[in-house]
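Okay, here's what each chain looks like letter by letter:
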Amino acid sequence: DTAVSQTPKYLVTQMGNDKSIKCEQNLGHDTMYWYKQDSKKFLKIMFSYNNKELIINETVPNRFSPKSPDKAHLNLHINSLELGDSAVYFCASSQEVSGELFFGEGSRLTVL
Amino acid sequence: AQSVTQLDSQVPVFEEAPVELRCNYSSSVSVYLFWYVQYPNQGLQLLLKYLSGSTLVESINGFEAEFNKSQTSFHLRKPSVHISDTAEYFCAVSFKTGANNLFFGTGTRLTVIP
């Protein structure tokens, strides 16, 4: 069983469209995250949810909206996609306050 | 300010040679330290971590890292690398402030040459 799973794995779309990426974890963790990895491999946190509540919201355009229907799911919805949104988006989860994260395999978004 | 620095963006090394990937951090509070590895087209996997106790930590595949508080470093080493170690390596820091947030360095691409 995959511990942290994301769908879709690849997403190609036009500028201006709206798209969503879904994430589910079966580890029983309380905290979930979205990270963005750019073309230079730089990883930056976008959001963090703890028990369905938003606890970290970094400087991210408000076109990005996370939604956590329950503590096992954290989805990412992106409105009005721009070229600069092209990246790999990673979902992750953790349980301990030490910050050890378990990552999904990533969702590669390409905006044309 | 709190930050993580990986000075080397790329490290080429011959197979069976030793390697060191450098990581330094800046923090006014205590930290937890991690190394993650990312193989091509995959997510990140935890390689090893320092939370407390012994400053030398090891992974199951021969890597080790030592927490040096005075030099604020957590360098990753392996005495003899394999082709399969070719990957991107990320140093990461979590600050003991209660906020469960991991800050990543910019990554080091390790390429093992046959």
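Residues numbered from 1 in each chain as written. Chains lettered and ligands numbered in written order. Predicted model: local features only at pLDDT ≥ 70, side-chain atom pairs only at ≥ 80, totals over all residues. Heavy atoms only, no water.

Trainee: I'd like to hear about the overall build of chain A, residue by residue, with values.
Mentor: Scanning chain A from N- to C-terminus turns up zero helices and eleven strands. Reading the helices (α) and strands (β) of chain A from amino to carboxyl end gives β-β-β-β-β-β-β-β-β-β-β. Relative to the globule expectation of 13 Å for 112 residues, the C-alpha radius of gyration of chain A, 13 Å, shows essentially globular dimensions. Projected onto its principal axes, the C-alpha coordinates of chain A cover approximately 40 × 30 × 25 Å. Considering chain A as a whole, with its 112 residues, one finds that 44% of them fall into the buried category. Of the contacts formed within chain A by residues at least 6 apart in sequence, a portion of 53% connects residues at least 24 apart. For chain A, the exposed area adds up to about 5600 Å²; of that, 49% sits on carbon and sulfur atoms. Separation of charge centres in chain A, based on 12 positive and 13 negative side chains, amounts to 7 Å. (Helix = DSSP H or I, 4+ residues; strand = E, 2+ residues; numbered from the N terminus. Rg over C-alpha atoms; globule rule 2.2 N^0.38 Å. Buried < 20%, exposed > 50% of the residue type's maximum accessible area, 1.4 Å probe, protein only. Contact = heavy atoms within 4.5 Å. Areas by Shrake-Rupley, 256 points an atom, 1.4 Å probe, with all protein chains shown as cover. Lys, Arg positive; Asp, Glu negative; His and termini not counted. Charge placed at Lys NZ, Arg CZ, Asp CG, Glu CD.)

Trainee: Summarise the state of the cysteines; cite the residues concerned and give the values.
Mentor: Disulfide: a covalent bond connecting the sulfur atoms of a pair of cysteines. Residues and elements named next belong to chain A. Counted under the stated rule, the structure contains two disulfides over all chains. Linked covalently through their sulfurs, Cys-23 and Cys-91 form a disulfide whose S-S length is 1.9 Å. Because the sign of the S-S torsion sets the handedness, a value of about -75° for the bond joining Cys-23 and Cys-91 places this disulfide among the left-handed ones. Of the two residues, Cys-23 sits in strand S3 (residues 19-25) while Cys-91 sits in strand S9 (residues 87-94), which places them 68 residues apart along the sequence. (Disulfide = S-S within 2.5 Å.)

Trainee: Hey, could you go over the interface of chain A and chain B for me, with residue numbers and the actual values?
Mentor: Taken together, the contact pairs 23 residues of chain A with 19 residues of chain B. Interface of chain A and chain B: buried area, both sides summed, is about 1800 Å²; carbon and sulfur atoms make up 53% of it. The interface formed by chain A and chain B contains zero salt bridges. In this structure, the connection of chain A to chain B is made through three residue pairs in polar contact (both at pLDDT 80 or more). For the side of chain A that touches chain B, the elements supplying multiple residues, two or more each, are strand S4 (31-37), strand S5 (43-50) and S9 of chain A. At four residues, S4(A) tops the list of elements feeding residues into the side of chain A that touches chain B. Of the residues contributing to the side of chain A that touches chain B, the split by class is ten nonpolar, six polar and seven charged. (Buried area = accessible area lost by both parts, 1.4 Å probe. Salt bridge = Lys/Arg side-chain N within 4 Å of Asp/Glu carboxyl O. Polar contact = N/O pair within 3.5 Å; in protein donor to acceptor, adjacent residues only side chain to side chain. Nonpolar A, V, L, I, M, F, W, Y, C, P; charged D, E, K, R; others polar.)

Trainee: Describe in detail the pairing of S3(A), supporting the description with residues and values.
Mentor: Residues and elements named next belong to chain A. As defined by bridge partners, strand S1 (residues 4-7) adjoins S3 across four bridges and the pair is classed as antiparallel. Pairing of Gln-6 across the sheet is with Cys-23, part of S3. Direction of pairing for S3 relative to strand S8 (residues 73-78): antiparallel, over a ladder of four bridges. Within S8, the position partnered with Glu-24 by the bridge is His-73. (Pairing = 2+ DSSP bridges.)

Trainee: Tell me about the pattern of salt bridges, and name the residues and values.
Mentor: Any two side chains of opposite charge can pair, on the condition that their charged atoms come close. In total, this model carries seven salt bridges over all chains according to the counting rule given. Across the salt bridge formed by Glu20(B) and Arg77(B), the nearest N and O atoms sit 2.8 Å from each other. In this pair, Glu20(B) sits in strand S3 (residues 19-21) while Arg77(B) sits in strand S9 (residues 73-78), placing the two residues 57 residues apart along the sequence. Among the residues examined, Glu20(B) registers a relative accessible area of 34% and is labelled partly exposed. On the basis of relative accessibility, which here comes to 29%, the residue Arg77(B) falls in the partly exposed class. Across the pair Lys78(B) and Asp85(B) runs a salt bridge whose closest N-O atoms are separated by 2.8 Å. Salt bridges sharing partners connect three or more residues here, namely Arg63(A), Glu82(A) and Asp85(A).

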